[in-house]
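If you want the building blocks of each chain, they are given just below.
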Amino acid sequence: MNLLIKWSPVFLFILLLSGCASQSKIDNIELTDDSLKLPHSFNLTQKERGEISFFVSFSGGGTRASAFSYGVLEALHDSIFNSANGAKSLLGEVDVISSVSGGSFTAAYYGLYGDQIFEDYEEVFLKQNVQNVLISGILNPLNWFKFIGSGFNRSELAINYYDKYIFDGKTFADFRSDMPFMQINATDLSSGQPFIFRQEYFNFLCSDLSQFPVSRAVAASSAVPIAFAPIVLKNYHGCHKAESAGDAIKIQDQDNTRTEQIKSGLLRYIEKDRIDYVHLVDGGVADNLGVRVLYDTANIVSNVPELSEKLYAKPPKYLVLLMVNAAVSPKNQMDKSPVEPPILAQLNAASATQINRYNIETIQLLKDSLQVWAAQLSKAADFEVQPFFIQIDFNGIQDKQRNRLLNTISTSLALPAEQVDELRKVARELLNASPEFQRLLTELNTPSGTTL
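Residues numbered from 1 in each chain as written. Predicted model: local features only at pLDDT ≥ 70, side-chain atom pairs only at ≥ 80, totals over all residues. Heavy atoms only, no water.

For the protein, the count of helices and strands is 19 helices and 12 strands. In the protein, which comprises 452 residues, the share counted as buried stands at 55%. A separation threshold of at least 6 residues defines the contact pool for the protein, and within that pool the share at least 24 residues apart is 81%. Entry remark: accessible area of the protein is about 19,800 Å², with carbon and sulfur atoms responsible for 52%. (Helix = DSSP H or I, 4+ residues; strand = E, 2+ residues; numbered from the N terminus. Buried < 20%, exposed > 50% of the residue type's maximum accessible area, 1.4 Å probe, protein only. Contact = heavy atoms within 4.5 Å. Areas by Shrake-Rupley, 256 points an atom, 1.4 Å probe, with all protein chains shown as cover.)

If you want it as structure tokens, here you go:
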């Protein structure tokens with residue numbers, strides 16, 4: 001959350017504007033197509049799964065995370081393996097990309113434009129000083145009256161920019177079907193649970209995701225509290241009149257506390273007189289790695305028998321999870337002085353501690369769960385499903401000076417071009433140097449792995 005320190009010159013002004021906040025703009029429309037309402041299926045992919053079930057996660061971290069995840073896409077695009085149908089790019093095997101905050105810019109752009117990302121993404125976003133544009137808009141006196149009573153706030157400034165200059169007014173209906181499923185994640189500020197921009201979640205709000213602007217979803221995913229206003233969705237309620245809360249989603253494992261928590265979080269949207277509006281903030285508040293929702297979704301699916309049968313009907317030969325973590329661990333200046341640290345520095349340190357502890361727990365959970373998942377899939381197959389857990393982060397850079405420089409790159413929406421280039425280069429180096437990634441490529445290129 002050190003984005004707040006980067007914005008500290010306008011921090012007090014933001015607080016002043018927040019005190020005059022008006023009703024937020026609502027941009028999600030009511031669901032009219034009955035075919036979209038039920039069931040709440042939680043399918044894990046929109047593509048037909050082959051022999052590789054490949055999940056990728058992009059963490060938060062502003063433009064730093066955007067550039068780092070973009071470098072991973074470049075590396076996957078250039079990683080070629082031999083299949084029964086000829087040479088293939090490993091990027092084409094990715095089924096799901098789950099993203100939060102800065103990583104959502106890259107995920108959304110790739111989902112909309114495909115390989116065009118390798119031609120213009122740097123110019124469109126990575127090397128633009130987006131943060132300066134947004135701060136200038138906040139400080140522009142011509143906008144001050146808009147902030148009072150009109151539904152226009154600092155997040156609307158960002159959405160307008162993203163919509164015009166990055167995503168070209170596109171909605172979720174414009175995501176390409178030949179791309180991985182893009183799972184853009186925000187956080188429900190009221191419950192603290194992840195909110196995923198997918199139709200299954202919008203079903204609970206009786207709302208149509210297909211007409212929802214991608215720019216607004218990415219803004220919600222990256223809406224750092226205080227720096228940006230929450231993105232608000234309306235809960236239309238009406239489509240759930242005929243069903244009870246207990247029947248809306250059937251999860252049979254009542255002893256699984258985590259599953260029950262997810263279920264309760266979803267059902268609160270359809271219980272009468274509970275939730276009329278959903279306030280969304282940065283996805284990193286709930287999960288800065290963007291991977292916990294993959295685990296949660298799989299957890300739900302594994303506890304719904306009819307969905308389990310569909311998921312396990314054709315087990316993949318390889319179960320792959322690639323976690324792209326752009327988190328930094330800068331040295332705190334407070335460690336060198338007895339002087340009381342500034343308030344924002346204290347808030348950032350406390351937030352970073354909580355996030356880091358949660359990340360450590362999540363990573364271990366995923367490693368264990370991937371092994372269990374592969375074992376479950378193997379039972380339904382006549383072969384052993386092989387799991388691959390691939391993790392790349394700045395800790396993989398052994399050169400101390402280079403590592404130190406990477407960990408000083410700020411969490412902002414503006415980075416010097418040389419830092420963007422370095423992040424892309426580091427991402428490619430780290431992925432290609434990963435023993436687990438090389439093991440995957442070796443397996444895919446062996447004679448027994450060419451039946452794809």
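A word on the state of the cysteines. Inspection of the entire model under this criterion finds one disulfide. Residue pairing for C206: its cysteine sulfur links by disulfide to C239, the two sulfurs lying 2.1 Å apart. Where C206 bonds to C239 through sulfur, the torsion about that S-S bond is close to -90°, and the disulfide is left-handed. Of this pair, C206 sits in the loop between α9 (199–204) and β8 (207–208) while C239 is found in the loop between β9 (231–234) and α11 (245–248), placing the two residues 33 residues apart along the sequence. Across this residue pair, the class does not change: C206 and C239 are buried. (Disulfide = S-S within 2.5 Å.)

Let us now look at the pairing of strand β2 (residues 52–58). Counting buried positions along β2 yields seven of seven residues, so the element is predominantly enclosed. Across the two faces of β2 the burial is the same, with I52, F54, V56 and F58 and S53, F55 and S57 all buried. Looking at chain direction, β2 and strand β5 (residues 94–100) are connected through five bridges and run parallel. Counterpart to F54 in the pairing with β5 is V94. (Pairing = 2+ DSSP bridges.)

Right, let's get into the pairing of strand β12 (residues 386–392). For β12, the tally of buried residues reaches five of seven residues, placing the bulk of the element in the interior. In the sheet, strand β11 (residues 318–324) pairs with β12 via seven bridges, with the strands oriented parallel. Note on β12: the bridge partner recorded for V320 is F388.

Taking 1.5 Å as the rise per residue, helix α18 (residues 417–433) with 17 residues should run 24 Å; its terminal C-alpha atoms sit 24 Å apart, in good agreement. Along α18, the residues classified as buried are V420, L423, R424, V426, A427, L430 and L431. One side of α18 carries all its buried residues, which in axial view fall inside an arc of 165°. Counted as exposed and oriented over 90 degrees from the buried face of α18: E418 and A433. Looking at the buried residues of α18, the elements they touch are α3 (62–78), α5 (117–126), β11, β12, α17 (400–406) and α19 (435–445). (Expected span 1.5 Å × (residues − 1). Arc of directions from axis to C-beta.)

Given a rise of 1.5 Å per residue, 12 residues ought to cover 16 Å, and the 18 Å separating the end C-alpha atoms of helix α4 (residues 102–113) matches this to within 8%. Counting buried positions along α4 yields 12 of 12 residues, so the element is predominantly enclosed. Taken as a whole, α4 has its buried residues at G102, G103, S104, F105, T106, A107, A108, Y109, Y110, G111, L112 and Y113. Two residues or fewer after α4 comes G114, characterised by a positive phi angle close to 60°.

Here we take up the nonpolar core. Within soluble globular proteins, side chains that are nonpolar generally end up buried alongside one another. Membership of the largest hydrophobic core comes to 97 residues, with the highest contact counts inside it found for L76, L90, Y162, F167 and F197. Sorting elements by how many residues they give to this core places α3 first, with eight residues. In this structure, F197 is in contact with F172, M182, I184, A186, F202, L209, F212, A217, A220 and L280, ignoring residues within four places of it in sequence. (Core = buried A, V, L, I, M, F, W, Y, C linked by side-chain atoms within 4.5 Å.)

That's the geometry; what it means functionally is another story.
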